[in-house]
Amino acid sequence: FTLFLEELFRRWKALDVTHSISVVFFARSYLAGSEAAPSPDDDPSPLGAGKSTRHKDVDGRVYEDHYLPVVENVTASDWSGLVHQVKVAFCSFPERVGWHVSPRGVRVPSVAKQGNVLEAINTTLNVLQYHYMDRDLTRTGNSIVVVSPGDGVFEVDRSLAAVTRQRMMDCGVGSDCICLALPPLHVTPFFVYKKSEADAAADAAGGGGEGDWKKHF
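Residues numbered from 1 in each chain as written. Predicted model: local features only at pLDDT ≥ 70, side-chain atom pairs only at ≥ 80, totals over all residues. Heavy atoms only, no water.

The name given to the protein chain in an unreviewed UniProt entry is Vacuolar membrane-associated protein Iml1 N-terminal domain-containing protein, with Tetraparma gracilis as the source organism.

1. Topic: the pairing of strand β3 (residues 62-74)
The following threshold applies: Strands are labelled as partners when DSSP assigns at least two bridges between them. Here a strand is any run of E in DSSP of at least two residues, a helix any run of H or I of at least four, and the numbering for each starts at the N terminus.
Sheet topology places strand β1 (residues 21-33) next to β3; nine bridges connect them, and they run antiparallel. Opposite Ile21, over in β3, you have Val74 as the bridge partner. By the bridge criterion, three bridges tie strand β2 (residues 54-56) to β3 in an arrangement that is antiparallel. Paired with Arg54 across the strands is Glu64, a residue of β3. Two successive antiparallel strands, β2 and β3, enclose a turn made up of five residues, where Gly60 displays a positive phi of approximately 85°.

2. What about the packing of helix α3 (residues 117-128) against helix α4 (residues 158-171)?
What counts, and what does not: Helix axes use the C-alpha atoms of the stretch in contact, all axes being lines fitted to C-alpha atoms, and the angles between their N-to-C directions lie in the range 0 to 180 degrees. Take the far helix as your reference; a near helix turned counterclockwise from it by less than a right angle gives a left-handed crossing, and one turned clockwise gives a right-handed crossing. When checking whether two residues touch, look at their non-hydrogen atoms; a contact exists if any pair is within 4.5 Å. Under this grouping Gly is polar, as are all residues other than the nonpolar Ala, Val, Leu, Ile, Met, Phe, Trp, Tyr, Cys and Pro and the charged Asp, Glu, Lys and Arg.
Between α3 and α4, the least distance of the axes is 10 Å, while the angle of their chain directions is 35°. α3 and α4 meet at a crossing whose hand is left-handed. In this structure, α3 uses Leu118, Glu119, Ile121, Asn122, Leu125 and Asn126 to contact α4, whose residues at the interface are Leu160, Ala161, Val163, Thr164, Arg167 and Met168. When grouped by side-chain class, the residues that make up the contact of α3 with α4 number seven nonpolar, three polar and two charged.

3. Here's the deal with helix α1 (residues 2-15)
The following threshold applies: To estimate the expected span of a helix, subtract one from its residue number and multiply by 1.5 Å. Relative accessible area decides the class of each residue, using a 1.4 Å probe on protein chains only: under 20% of the type maximum gives buried, over 50% gives exposed, and in between gives partly exposed. The arc under discussion is defined with respect to the helix axis, by the directions toward the C-beta atoms.
Compared with the 20 Å implied by 1.5 Å per residue over 14 residues, the 20 Å span of α1 between its first and last C-alpha is a close match. Of all the positions in α1, only Thr2, Leu5, Phe9 and Trp12 are classed as buried. Around the axis of α1, the buried residues are gathered within 80° of arc, so they sit on the same side. Residues of α1 that are exposed and point more than 90 degrees away from the buried face comprise Leu3, Ala14 and Leu15. Contacts made by the buried residues of α1 are with β1 and α2 (80-97).

4. Section: the nonpolar core
We apply this condition: Here the nonpolar core consists of buried residues drawn from Ala, Val, Leu, Ile, Met, Phe, Trp, Tyr and Cys, with membership extended through side-chain atoms lying within 4.5 Å.
Counting residues in hydrophobic clusters, the biggest one holds 17 residues, and the most contacted among them are Phe9, Ile21, Phe25, Val70 and Leu82. If you list the elements that add at least two residues to this core, you get α1, β1, β3 and α2. When residues of this core are assigned to their parent elements, the largest contribution, six residues, is made by α2. Leaving out residues up to four positions away in the same chain, Ile21 has contacts with Phe9, Trp12, Val71, Glu72, Asn73, Val74, Trp79 and Leu82. With 16 residues, the next largest nonpolar core counts Ile144, Phe154, Met168 and Tyr193 among its residues.

5. Side note on α2
Over its 18 residues, α2 extends 26 Å from the first C-alpha to the last, a length consistent with the 26 Å expected when each residue adds 1.5 Å. Those residues of α2 that fall on the buried side of the exposure criterion are Leu82, Val83, Val86, Ala89, Phe93 and Val97. In the stretch just after α2, Gly98 is the one whose phi turns positive, near 80°.

6. Structural notes on the packing of aromatic side chains
The cut-off we apply is this: Between the rings of Phe, Tyr and Trp (Trp by its six-membered ring), a pair exists once the centres lie within 6.5 Å; its type follows the angle of the planes, with under 30 degrees stacked, over 60 edge-to-face, and the other angles tilted. Counted as over-ring charges are cases with an Arg CZ or a Lys NZ within 6 Å of the ring centre that also lie within 35 degrees of the ring normal.
Following the criterion strictly, the structure yields seven aromatic pairs and no others. On the numbers, 5.5 Å between centres and 50° between planes, the contact of Phe9 with Trp12 is tilted. Here the residue Phe9 and the residue Trp12 both occupy positions in helix α1, the gap between them amounting to three residues, near one helical turn. Neither residue differs from the other here; Phe9 and Trp12 are each classed as buried. Here Phe25 and Phe93 contribute two aromatic rings whose centre-to-centre distance is 5.8 Å and whose plane-to-plane angle is 80°, an arrangement assigned as edge-to-face. Of this pair, Phe25 sits in strand β1 while Phe93 sits in helix α2, placing them 68 residues apart in sequence. Each member of the pair Phe25 and Phe93 is classed as buried. Three or more aromatic residues link up through ring pairs in this structure, and these residues are Phe25, Phe90, Phe93 and Trp99. One Lys or Arg, Arg28, reaches over the ring of Tyr63 and ends 3.9 Å from the middle of that ring.

7. Re unusual backbone geometry
Backbone torsion omega between Thr188 and Pro189 reads 0°, so that peptide bond is classified as cis. Relative to the assigned elements, Pro189 resides in the loop between β8 (174-179) and β9 (190-194). With a phi close to 55°, Asp16 is a non-glycine residue in the positive phi region. Along the chain, Asp16 turns up in the loop between α1 and β1. Of note, the phi angle at Asn73 is positive, near 50°, even though the residue is not glycine. Locating Asn73 in the fold gives a position in strand β3.

The following block contains the structure:
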């Protein structure tokens, strides 16, 4: 990831362009033991706004999402200091989110395809949707760059995927996905979502035979 940043900043310097950059780390932890015990404040919906930070995915696993702002709206001519700052934050991130066995239970990171990529995009859109207020006229446009350690295949919630697509069109914000693993033999990013009971019933009534999973770009 830091090698990617170094190359990106080198090209910016060669092109003599000006950017304002914010870096946010995001991840998902699956919980076990007493940490996964139900709470009255838990909200099972991935779109819910309950008090608890714990939720359940379509397979019933308890998870918690993390977001760590590393830098915000930084503009510089020499980006080497920012690369060092990102490295330090990256090394301390696992400990900050508690990826270790604790007396209360176990917290383990999800694999890349089961992460909170759409949730992270929506968190960024919460800021970018007000881009027209106090506009910085020295720059034009906004863009989201998602860096994933996976191969570009993501298991997502169907309703959240629809909401994310609509919000990006409404805000006029584009997004690029950079995946660090070897790409599969098809177009990515590739979103996979599990059909709801209503979808399964409709497919059964219509003679559909797609199985339990649907896929779309």
